[in-house]
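Analysis of the macromolecular model
Residue-level listing of the chains:
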Protein chains: 2
Amino acid sequence: MTVVPADDGPSEAQGKDARVARTRADVSRAALQVLIEEGCEALTHAHVAEIAGYSKTTLYTHWPARLDLIMLALDALGEMPHQERSGDLRADVIGELRVFRQAVVDLRLDHILSVMAQWASVEEMARVRDRINSDGQRPLRGMLSEVLDGARLEASVSMLTGVVACPTLMFGTLPDDAVIEAAVDLVLTAVQSPS
Amino acid sequence: MTVVPADDGPSEAQGKDARVARTRADVSRAALQVLIEEGCEALTHAHVAEIAGYSKTTLYTHWPARLDLIMLALDALGEMPHQERSGDLRADVIGELRVFRQAVVDLRLDHILSVMAQWASVEEMARVRDRINSDGQRPLRGMLSEVLDGARLEASVSMLTGVVACPTLMFGTLPDDAVIEAAVDLVLTAVQSPS
């Protein structure tokens, strides 16, 4: 058995780890800012380095590929905002969709969704995308699972996500409150009627 | 009034026009092939030139920007496939969504939708995207407008588009027949129940 001594003492190694972590956090935030404000095409090493205040060389050393920059941006995304539950199913589902609609504006979820879809042939991106999207849909799925299951649950989760996501991604528009309420009522009316 | 003589005789000019049109059609098809098979990142002048069998210089001369290549690819997309109407609303809506699902596979509509969303801050792309997506949704909208209007019509068009588009764009999966049928039944059951 060979014991490999560390190059640095523990405190020096910890100092280096902390520096790398700080650089990573700075570059992540800068990459997300570029993705949100300028879109995927602007997410280059040179531009992110400039925004983050690091050299291009630093960025290329740690994150050589364009995909690395996109993954960093997604790291900085954090938790999706969600609505607190009141216990009134209709109000809670409507509230959750309104929060989703606001997040499309604040976080440019149209850019985020489309960049993840575009790179999803890379396995690592497919995993991150599935996690982000599953987390995003979880509260909606939880609410709907109180009254629906099986194919009707799957259908309703996609349908209510689609009320916000489809106009956003297909036409760059957002549904107004009346459309969100109509969508929720279409689903909940069907649930309450004898099938 | 000044009469400006043409530089070329009519037949020579026509020959040139025909050549340009043929080049454009060839490059369009090649660009769409790259977009469908390899995705947006692969859509470079060098790669499209190679696939189309033209020089890079020819491509740069006529279509200098990357956006030009994307627009050319969308030109070659043609009409979206649609289901012929049988007159049975439930069967027709289900059939239309199944055709949409198949088109996602055949035409990689996930790539197409995401690249259009990503470039939509360019006005020309926003127009083309709106036209392609409106054309795509038209038959579904036409069917649903027989039983719905106003906010409920807008909601149901987005919801039923979302049943196919959301799993595709968010998870790279397709809904099975049971989910498509459940979605259509949720909407049509609600329509038939007294509101």
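Up top is the structure these notes are about.
Residues numbered from 1 in each chain as written. Chains lettered and ligands numbered in written order. Predicted model: local features only at pLDDT ≥ 70, side-chain atom pairs only at ≥ 80, totals over all residues. Heavy atoms only, no water.

1. Focus: the overall build of chain A
- Broken down by element type, chain A carries 9 helices and 0 strands.
- Each helix (α) and strand (β) of chain A, taken in turn from the N terminus, gives the series α-α-α-α-α-α-α-α-α.
- For 195 residues, the compact-globule estimate of 2.2 N^0.38 gives 16 Å, and chain A exceeds it by more than 25% at 21 Å.
- By principal-axis analysis of the C-alpha atoms, chain A measures approximately 70 × 45 × 30 Å.
- Taken across its 195 residues, chain A has 48% of its residues classed as buried.
- Taking contacts inside chain A between residues at least 6 apart in sequence as the whole, the part at least 24 apart equals 62%. (Helix = DSSP H or I, 4+ residues; strand = E, 2+ residues; numbered from the N terminus. Rg over C-alpha atoms; globule rule 2.2 N^0.38 Å. Buried < 20%, exposed > 50% of the residue type's maximum accessible area, 1.4 Å probe, protein only. Contact = heavy atoms within 4.5 Å.)

2. Notes on the packing of helix α7 (residues 123–144) of chain B against helix α8 (residues 150–171) of chain B
All names here are of chain B.
- Two elements in contact, α7 and α8, have axes whose closest approach is 10 Å; the angle formed by their N-to-C orientations is 130°. Between α7 and α8, the interaxial angle falls into the category oblique. Remark: the crossing between α7 and α8 carries right-handed chirality. Along its contact with α7, which presents Q137, L140, R141 and L144, the element α8 presents L153, E154, S156, V157, L160 and T161.
- The class makeup of the residues in the contact of α7 with α8 is 5 nonpolar, 3 polar and 2 charged. (Axes fitted to C-alpha atoms, helices over the stretch in contact; angles between N-to-C directions. Parallel < 35°, antiparallel > 145°, perpendicular 65-115°, else oblique. Left-handed = near helix turned anticlockwise from the far one by under 90°. Nonpolar A, V, L, I, M, F, W, Y, C, P; charged D, E, K, R; others polar.)

3. Here's the deal with helix α2 (residues 45–52) of chain B
- Considered for burial, the residues of α2 of chain B that qualify are H45, H47, V48, A49 and A52 of chain B.
- Positive backbone phi, approximately 80°, marks G53 of chain B, located one or two places after α2 of chain B.

4. Side note on the interface of chain A and chain B
- Tallying the contact residues gives 43 residues for chain A and 43 residues for chain B.
- Taken over both partners, the interface formed by chain A and chain B buries close to 3700 Å², and the fraction arising from carbon and sulfur atoms is 69%.
- When the area that chain A buries against chain B is broken down by residue, the three leading residues are Q118, M170 and L186 of chain A, summing to 20%.
- Seen at the junction of chain A and chain B, the total is 2 salt bridges.
- For E41 of chain B, the salt bridge is made with R66 of chain A, and the minimal N-O distance between the two is 3.2 Å. (Buried area = accessible area lost by both parts, 1.4 Å probe. Salt bridge = Lys/Arg side-chain N within 4 Å of Asp/Glu carboxyl O.)

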